[in-house]
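Observations on the model geometry
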Amino acid sequence: MKSPGMKTLGILLLCAAAVPLVLPGPFYLSIATQVLVYGLFAVSVNLIAGYCGMVSLGHAAFLGIAGYAFALLTTSTGWPLWAAIPAAVALSVAAGALFGLVALRTSGLSFLMITLALGQIVWGIAFRYVDLTNGENGISMPRFQGLLASGTGLYYLCLAVTAGCLALVTILAGSPLGASMQGVRDQPRRMSTLGYDVWRIRYAAYVLSAGIAGIAGVLYMLLFRFISPHTLSLTVSSEAVLMVIAGGLGTTFGPVVGAALVVLLKNVASAYTDRWPTLLGLIFLFIIVVVPEGLLPGARRLMRTFGSRLATRRGPTPIPASPIKEARP
Amino acid sequence: MTALRIDDLHKSFGGLHVIQGVNFTVEPGERRLLLGPNGAGKTTLFNLIAGDLRPTAGQIRLADEDVSDLPTFRRAARGIGRTFQILTLFARESVIGNVIMALLGGRPQRWKPYGAVAKDPVLRREALEVLARVRLDTLADRPVSETSYGEKRRLEIAMALAQAPRILLLDEPLAGLSKEERGTVSALLAELPRNLTILMIEHDMDVALAFAEKIALLHYGRLIVDGTREEVIADPRTREAYLAQ
Ligand SMILES: Nc1ncnc2c1ncn2[C@@H]1O[C@H](COP(=O)(O)OP(=O)(O)O)[C@@H](O)[C@H]1O
Ligand SMILES: [Mg+2]
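Here is what the cut-offs are and how they apply
- Residues numbered from 1 in each chain as written.
- Chains lettered and ligands numbered in written order.
- Predicted model: local features only at pLDDT ≥ 70, side-chain atom pairs only at ≥ 80, totals over all residues.
- Heavy atoms only, no water.
- Buried < 20%, exposed > 50% of the residue type's maximum accessible area, 1.4 Å probe, protein only.
- Helix = DSSP H or I, 4+ residues; strand = E, 2+ residues; numbered from the N terminus.
- Pairing = 2+ DSSP bridges.
- Contact = heavy atoms within 4.5 Å.
- Buried area = accessible area lost by both parts, 1.4 Å probe.
- Salt bridge = Lys/Arg side-chain N within 4 Å of Asp/Glu carboxyl O.
- Donors = N, O, S within 2.8 Å, 3.2 Å for Na, K, Ca; no water.
- Domains from an automatic or database assignment.
- Core = buried A, V, L, I, M, F, W, Y, C linked by side-chain atoms within 4.5 Å.
- Patch = residues over 30% accessible without salt bridge, like charges linked within 9 Å, V, L, I, M, F, W, Y side chains within 5 Å.
- Areas by Shrake-Rupley, 256 points an atom, 1.4 Å probe, with all protein chains shown as cover.

**Section: the pairing of strand S3 (residues 31-35) of chain B**
Residue and element names in this part refer to chain B.
- Burial analysis of S3 places five of its five residues in the buried class, the great majority of the element.
- Alternating positions in S3 separate into two faces, Arg31, Leu33 and Leu35 on one and Arg32 and Leu34 on the other, with burial throughout.
- Here S3 runs beside strand S8 (residues 197-201); their pairing, made up of four bridges, is parallel. Bridge pairing links Arg32 to Leu199 in S8.
- By the bridge criterion, four bridges tie S3 to strand S9 (residues 214-219) in an arrangement that is parallel.

**With respect to the interface of chain B and chain A**
- If you look at the interface, chain B gives 33 residues, while chain A gives 24 residues.
- Overall, the association of chain B and chain A removes approximately 2,700 Å² of surface from exposure, summing both partners, and the carbon and sulfur fraction of that is 61%.
- At the junction of chain B with chain A, the criterion picks out three salt bridges.
- Note that Arg92 of chain B and Asp186 of chain A form a salt bridge whose closest N and O atoms lie 3.5 Å from each other.

**Quick look at the coordination of the magnesium ion (ligand 2)**
All names here are of chain B.
- Within the protein, Thr43 (OG1) and Gln85 (OE1) serve as the donor atoms for the magnesium ion (ligand 2), at 2.0 to 2.2 Å. With a gap of 42 residues between them, Thr43 in helix H1 (residues 42-50) and Gln85 in the loop between strand S6 (80-82) and helix H3 (95-104) connect regions that are remote in the sequence.
- Judged by its relative accessible area of 28%, Thr43 falls in the partly exposed class.
- By relative accessible area, Gln85 is classed as partly exposed at 29%.

**Focus: the domain arrangement of chain B**
Residue and element names in this part refer to chain B.
- Taken domain by domain, chain B consists of domain 1 (1-79 + 166-245) and domain 2 (89-164).
- For domain 1 and domain 2, the distance between their C-alpha centroids amounts to 26 Å.
- At the interface, 17 residues of domain 1 touch 13 residues of domain 2.
- In this structure, the connection of domain 1 to domain 2 is made through one salt bridge.
- With its nearest N and O atoms 2.8 Å apart, the salt bridge here joins Glu191 to Arg135.
- With five residues, the single largest contributor to the side of domain 1 that touches domain 2 is helix H6 (residues 179-190).

**Some points on the nonpolar core**
- Ranked by size, the top nonpolar core spans 152 residues in total, and within it Phe70 of chain A together with Val99, Leu131, Leu155 and Leu189 of chain B carry the most contacts.
- Sorting elements by how many residues they give to this core places helix H10 (residues 198-224) of chain A first, with 16 residues.
- No fewer than three residues from each of domain 1 (1-79 + 166-245) and domain 2 (89-164) of chain B sit in this core.
- Aside from chain neighbours lying at most four places away, what touches Phe70 of chain A is Leu81, Ala84, Ile85, Ala88, Met141, Phe144, Val218, Met221 and Leu222 of chain A.
- Counting residues in hydrophobic clusters, the runner-up holds 27 residues, among them Leu4, Ile60, Leu62 and Val67 of chain B.

**Considerations on a nonpolar patch on the surface**
All names here are of chain A.
- On the surface, a nonpolar cluster with roughly 810 Å² of combined accessible area is contributed by Ile245, Leu249, Leu282, Leu285, Phe286, Ile288, Val289, Val290 and Leu302.
- The element best represented in the nonpolar patch is helix H13 (residues 276-290), accounting for six residues.
- By the secondary structure assignment, Leu285 is in helix H13.

**Re unusual backbone geometry**
- The backbone of Asn134 of chain A sits at a positive phi, close to 65°, despite the residue not being glycine.
- Of note in the backbone geometry, Arg135 of chain B takes a positive phi value of approximately 55° without being a glycine.
- Among the secondary structure elements, Arg135 of chain B is positioned in the loop between helix H4 (121-133) and helix H5 (149-162).
- On the accessibility criterion, Arg135 of chain B (34% relative accessible area) is partly exposed.

Written out as structure tokens, the structure reads:
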């Protein structure tokens, strides 16, 4: 029920809008766009895992269903983008509505296992149903025209969509429905005693989350113009969960921070070392040990502790001219 | 019309037969005390009435409506409010945040996906009114994690009151409280409106006997004594099962 960080979102949006102006080239711009796409995907996982307390290990299915649908509708069926995009997202929402009926019979570890199984089923279909999906070889899309053809245009489009979804999720988090989701996460038993339909609240969050993952799936296709079963794999699902945990479960910007961390490591560190997964593992270990609540809330806590330590170190009589004074919160 | 009517209620956990054929009725506005030694099945009975557990057999009627098959949240909507023996609060929220959650639970507004809850003046005002009834209005914005055990117990009651229940189930509302805090809580219980039907589990005899006109005694899942205060106190089985403990 904490008041949402819309002001922070505005400031970050301005900074993000300046990114293409300062980046040295298209390679880095593409990485920045990837951060936005995976960030949005992480936002969708955060909605169900962070705000509702249900960790899903099958969310890549929704990303992939929208991705495949978008690719097939535009290439094989020849639909225009404006029709293919909502159709692809709607298909992810429908899949979420269906999977939710199965997965939400459980919670906790069983929910994790069922979402994992459902994700693997979708992955299996993408892998085996070669006539439709071209199997392991995946589907490539031709270059887009106009705005989408330029890296800068695509970046701004992804920025607008991701920021828009983030704003909506932030509004939701502070709203009665969002408060209900967090209540269901923390005290499901009390919630039903108070008159809340716990199942329905979880279902609403799950379907909405599938829809946002679907939107991320469309952005994914606009950026990569290629999809294969790998996109629906457990690796992609679990990476999103790691992003959310690393950035801060149930926080507004945590998922995007976590996505930035993973994408940067993958793309930048892999240019210097083959051992980047080890590096990623070490960083996660560091996060779990030093800031188990995630980078964002952890940084806030460390800053508070550091700030108060500085304050006490200055002793009982504060020196008026001390430059440290400005550093106090 | 009876407020609550229980017919031949049974509940087993595996081979453990915890509630073994309980019958009783509670009239509107009645204050009924449920006594019984630890493990007698009192909390289980509350869980069956509230809907957290499904009976193995038997029927629960609320104001002449059979609610035995209704889920907990629908029974709440029909006017069952309860407190928990083991504190069940939203620990990350403020004191008032907890009461606001309770207020929202009974309103269609709970489905609204926009509009900040924290800034809703109507909810805040009503929550403060409820908090005043348990003398917690001065602590409204304190995080629950920074309140004392006694304050948490009163918040537990405030949340049930915020539901504006027709029948209130209080599960050991004085458990673990100091003498002074017990005085505060029993005073605020005495202030509750007379038309509110209350079923209370409590071991503190001074408070409980002052509160209730009628008493039921549960022993190994059976109601062995059920009657007015005087009848139950005078009954030798009461002493045997409970008071002699
Ligand atoms: N969910 C459960 N599963 C198994 N046994 C339970 C459960 N809930 C209560 N019991 C058992 O039922 C008996 C009655 O418990 P309870 O209703 O809590 O007693 P009381 O509130 O009268 O002290 C105890 O033996 C307890 O261990
Ligand atoms: Mg009990």
